[in-house]
Amino acid sequence: MKKLNFLGVLIITLCFVHQSYAQDFTPLSCDEKADLIISYKNQLGDFPDEILDEMLDYISTCASRSSPKSFYAKGMILLEKKSYRAAESAMQLAGYYKHGPAQIEHGMNYLHGKYNLRRKNYGKASSSFRDAAQNNYKMDLVNYLTGYVNLKGLNSSRQFQENHDYPQAKYFFEHSNHPMAKHWLAVMYYYGYGVEKDEQKALQMLSENDIFNSRFMLEHLPTQNNDWIPISAEERATCVSPPSSYTVHPANVNKTFTGNFIEFDWFGLGVKRLLPATLTLDVSSVSGDDPFTYDFTIEGQTISGTGIVRVNNWLYFDDLTFTLPRLHQDHPEKSNVTYKINQLNVGEKTIDGIPSLVFRSVDVELLELKEHIKAPIRLILHEEGTTQATSSRAATPASPIVVDKNFATISPNPIGDQFNITYTLHQTADIQVSVYDFYGQQKMRVPSQKNTSNGEQVITINSAALPSGTYIIQMTIDGQPYSKTVVKL
């Protein structure tokens, strides 16, 4: 019915143009023709190619500087016809001639990879949103979209960035009345992304933001960890600057490796997910592009597949795809997310006394969210059977001390020329405190001390010599690491 409707309207409008058939009618202007096509935007997928071709002929003569709306309509048709390069060009011209809807849609097409189905282009998406902002078109929406790109670091070239984009995200969210901007600003406060963590403020913002996503997240937040997960300073330093060379030789890697899957936040300030993982590799040869096989186990899933070894330490996986619970869940139908890892680089290093293989993700896609993420993902694995007994921690017997995310507080944060570490411990333990910079380099080490008191303890650290920046404060309690991230302004 919709097809017949449009065909009928199209025939009538074509008649308007041909005065010999309809002398009494006033021809439609180019903008009016474009409006007619745009009004069927959501139904374009229902039309056969013949109708799309007629529509394209109908509007192409109008696409000009004087009617950028016609370029927009033309771009929509070309996109539906899968003429991606021509569609991109038409949308770009519409945006260049300051047609606001085209500027936003052009950016969204880059954001979702509609011009190139394999890759997104977040840089061009941001540029198109900036064009819409300069055009003063739908500023609430534009600021939300720009803030979202900044929040997730989609337009960043590096994974670990001390000068991250969280402040820019906060700025754009705060200058938008779009409900999703308020939603993500609340997320920033709840998790402490680039701002001082304020759970109560975040909960208040979500409760006042009357949209489904915020209401659902408000109910779901109690199940979410909103603090960094501690890893050792050596582990962090290796994650930031993983080993660059390792010869993948069958004798070295035809084994089973166990360890941890480590997922940082979008800019690598801290660890948001730490999961046990196992990888079994079977490499028969490393000459040319000979394939290998693998079994990867995480969260009760075992994924088997093949890949290719290249340039000695690059492992290309044909389909390393697995599902994990979604972080920042705000919709009941999006409780999980599928990770697709296309490439891992592997290096070798001894970490905390354990000979380990370190895998660095190069290309990770979240399939349900249709995003290529920049959040650093690492695998730190060691040969099965290698345990803590080989590490420097083995000198200290296993301790019953429980070191969880609430073990200690650091105040103030941001820190000044000194700060306090407050913790509670009810037994004797060796305490060591070190301060590392964002890239894992040790900047301070406090003399070891023996905790013999029962109850709350305070360690005061003189940090006057530290320049402004992001730091990791690591306490080691009887060999167990506990880390917190702080900022010095």
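Small disclaimer: the values here were computed from a predicted structure and weren't measured.

Colleague: What should I look at first to understand the packing of helix α7 (residues 122–134) against helix α8 (residues 139–151) in this one?
Modeller: In helix packing, the relevant descriptors are the interaxial angle and the interaxial distance, both defined with respect to the helix axes. At a minimum axis separation of 9 Å, α7 and α8 run at an interaxial angle of 155°. Here α7 lies roughly antiparallel to α8, going by the angle between them. Between α7 and α8 lies a crossing of left-handed hand. On α8, the residues touching S126, F129, A132 and A133 of α7 are M139, V142, L145, T146 and V149. For the contact of α7 with α8, the per-class residue count stands at seven nonpolar, two polar and no charged.

Colleague: Looking at this structure, how should I read the nonpolar core?
Modeller: Across soluble globular proteins, nonpolar side chains have a tendency to be buried as a group. Core analysis: the largest hydrophobic core is formed by 109 residues, its most contacted members being F296 and F322. No other element matches helix α10 (residues 179–191), which puts 10 residues into this core. What F322 contacts, discounting residues up to four positions off in sequence, is F261, F296, I298, Q301, I303, V337, T338, Y339 and I341. Membership of the second largest hydrophobic core comes to 23 residues, among which are L425, V446, Y471 and M475.

Colleague: Can you help me understand the packing of helix α4 (residues 68–80) against helix α6 (residues 100–111) in this one?
Modeller: Here α4 crosses α6 at 25°, and the two axes come no closer than 10 Å. What the angle tells us is that α4 and α6 run roughly parallel. The two elements α4 and α6 cross, and the hand of that crossing is left-handed. Along its contact with α4, which presents Y72, M76 and L79, the element α6 presents P101, A102, E105 and N109. When grouped by side-chain class, the residues that make up the contact of α4 with α6 number five nonpolar, one polar and one charged.

Colleague: What is the right way to read the sheet that holds strand β13 (residues 442–451) from this model?
Modeller: Note: strands within a sheet are paired through backbone hydrogen bonds, in either parallel or antiparallel orientation. Strand order across the open sheet formed by four strands is β13-β12-β15-β16, with antiparallel pairing between neighbours. Since the sheet does not close on itself, it has two edges, and those belong to β13 and β16 (480–488), each with one partner. Here the strands of the sheet are splayed against their neighbours by 15° on average, with no regard to which way each runs. In terms of strand pairing, strand β15 (residues 469–477) meets β16 through nine bridges, oriented antiparallel. Bridge pairing in β16 places I472 opposite T485.

Colleague: Help me understand the confidence of the model for the chain in this model?
Modeller: Detailed conclusions should not be drawn from predicted coordinates in areas where pLDDT is low. On average, the chain scores 84 in pLDDT, and the residues at 70 or more come to 87%. Every residue in residues 15–22 scores below 50 in pLDDT, and together they form eight contacts with partners more than four places removed in sequence or on other chains. Contacts for the low-pLDDT stretch residues 388–399, under 50 throughout, to residues beyond four places or in other chains number 20 contacts.

Colleague: How do you make sense of the pairing of strand β1 (residues 256–264) when you look at a structure like this?
Modeller: Residues in a regular strand point their side chains to alternate faces of the sheet. Here β1 lies mainly inside the structure; seven of its nine residues are buried. Where β1 and strand β2 (residues 271–283) come together, nine bridges link them in antiparallel fashion. Counterpart to T258 in the pairing with β2 is T278. Connecting β1 to the next strand, β2, in antiparallel fashion are six residues, including G268 with a positive phi near 75°. Alignment of β1 against strand β9 (residues 377–383), held across seven bridges, turns out to be antiparallel. When the bridges of β9 are listed, F257 appears paired with E383.

Colleague: What is the right way to look at a negative patch on the surface in this model?
Modeller: Taken together, the side chains of D49, E50, E54 and D57 define an acidic patch exposed on the protein surface. Relative to the helices and strands, D49 resides in helix α3 (residues 49–60).

What counts as what
Residues numbered from 1 in each chain as written. Predicted model: local features only at pLDDT ≥ 70, side-chain atom pairs only at ≥ 80, totals over all residues. Heavy atoms only, no water. Axes fitted to C-alpha atoms, helices over the stretch in contact; angles between N-to-C directions. Helix = DSSP H or I, 4+ residues; strand = E, 2+ residues; numbered from the N terminus. Parallel < 35°, antiparallel > 145°, perpendicular 65-115°, else oblique. Left-handed = near helix turned anticlockwise from the far one by under 90°. Contact = heavy atoms within 4.5 Å. Nonpolar A, V, L, I, M, F, W, Y, C, P; charged D, E, K, R; others polar. Core = buried A, V, L, I, M, F, W, Y, C linked by side-chain atoms within 4.5 Å. Buried < 20%, exposed > 50% of the residue type's maximum accessible area, 1.4 Å probe, protein only. Pairing = 2+ DSSP bridges. pLDDT = per-residue confidence, 0-100. Patch = residues over 30% accessible without salt bridge, like charges linked within 9 Å, V, L, I, M, F, W, Y side chains within 5 Å. Areas by Shrake-Rupley, 256 points an atom, 1.4 Å probe, with all protein chains shown as cover. Salt bridge = Lys/Arg side-chain N within 4 Å of Asp/Glu carboxyl O. Lys, Arg positive; Asp, Glu negative; His and termini not counted. Charge placed at Lys NZ, Arg CZ, Asp CG, Glu CD.

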